[in-house]
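Chain by chain, the residues:
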Amino acid sequence: VKHRKRGGRADLRSIFGRIPVIPFSDDRNRLSLPIGVDREKFLDAELNLKCIYDQAVDHLENDEVQEALDLFDGVLKNHKEKYGEVHHLVGTALHNKGLIYLYAEEYKMALPLFQEAINVRTAALGPEHPDVSATLDLYILRERNMLRQ
């Protein structure tokens, strides 16, 4: 995964899929979990998704792409174990992992994740849901850009 300094970034907190906005301790250390918190339980708890996504953004803002991917790998694994392969949270985790690869300009890694997110979101939410359209738009845009290169 590329670690690159990029200029003119959009607000990273606005690029990820919809997540519950649930407050979490403001005094947390951004690079580590609070003392005594079990990592697996933390990644499994829907109530902590806002904090996890914020930590991923913090990593991206510091060009720590692999660390952000590691967080979403844990979220994706736990969502699949808890809800199965076809659930809207699984689709959102796939979509967001694809966004991280887009951010790192690794389009060939992003496209399969977007395709899988489209399939999962369509099955879980229906083809007319706005989340399906959001992933589909990114997929089509990046696929066209890759063909031009």
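The paragraphs below set out a description of the structure included in this document. (Residues numbered from 1 in each chain as written. Predicted model: local features only at pLDDT ≥ 70, side-chain atom pairs only at ≥ 80, totals over all residues. Heavy atoms only, no water.)

1. Thoughts on the overall build of the chain
In step 1: In terms of helices and strands, the chain carries six helices and zero strands.
In step 2: Its helices and strands in sequence order give the chain the pattern α-α-α-α-α-α, from N to C terminus.
In step 3: Residues counted as buried form 41% of the 149 residues belonging to the chain.
In step 4: Looking at the chain alone, contacts between residues at least 24 apart form 70% of all its contacts between residues at least 6 apart. (Helix = DSSP H or I, 4+ residues; strand = E, 2+ residues; numbered from the N terminus. Buried < 20%, exposed > 50% of the residue type's maximum accessible area, 1.4 Å probe, protein only. Contact = heavy atoms within 4.5 Å.)

2. Thoughts on helix H3 (residues 65-83)
In step 1: Spanning 19 residues, H3 covers 27 Å between terminal C-alpha atoms, matching the ideal 27 Å at 1.5 Å per step.
In step 2: Buried residues of H3: Val65, Ala68, Leu69, Leu71, Phe72, Gly74, Val75, Leu76, Asn78 and His79, and no others.
In step 3: With its phi angle positive at about 95 degrees, Gly84 sits one or two positions after the end of H3. (Expected span 1.5 Å × (residues − 1).)

3. Points about the packing of aromatic side chains
In this description, a pair of aromatic rings is defined by centroid distance and the angle of the planes.
In step 1: What the rule picks out here adds up to one aromatic pair.
In step 2: Plain terms: the ring middles of Tyr53 and Phe72 are 5.0 Å apart, the flat faces sit at 80 degrees to each other, and that makes the pair edge-to-face. Residue Tyr53 is found in helix H2 (residues 49-61), and its partner Phe72 is found in helix H3; the two are separated by 19 residues along the sequence. (Phe/Tyr/Trp six-rings, centres within 6.5 Å; stacked < 30°, edge-to-face > 60°.)

4. A look at helix H4 (residues 88-103)
In step 1: Its 16 residues place the ends of H4 22 Å apart at the C-alpha level, agreeing with the 22 Å of an ideal helix rising 1.5 Å per residue.
In step 2: Among the 16 residues that make up H4, 15 are buried, leaving the element largely enclosed by the rest of the structure.

5. Here we look at the pattern of salt bridges
In step 1: Per the stated rule, a full pass over the model turns up four salt bridges.
In step 2: The partner of Lys77 in a salt bridge is Glu81, and the shortest N-O contact between them spans 3.7 Å. Here Glu81 and Lys77 lie together in helix H3, a separation of four residues that amounts to about one turn.
In step 3: With a shortest N-O distance of 3.6 Å, Lys80 and Glu116 are connected by a salt bridge. Remark: Glu116 occurs in helix H5 (residues 107-125) and Lys80 occurs in helix H3; sequence separation between them is 36 residues.
In step 4: Through salt bridges with shared partners, a single ionic network connects Lys80, Glu85 and Glu116. (Salt bridge = Lys/Arg side-chain N within 4 Å of Asp/Glu carboxyl O.)

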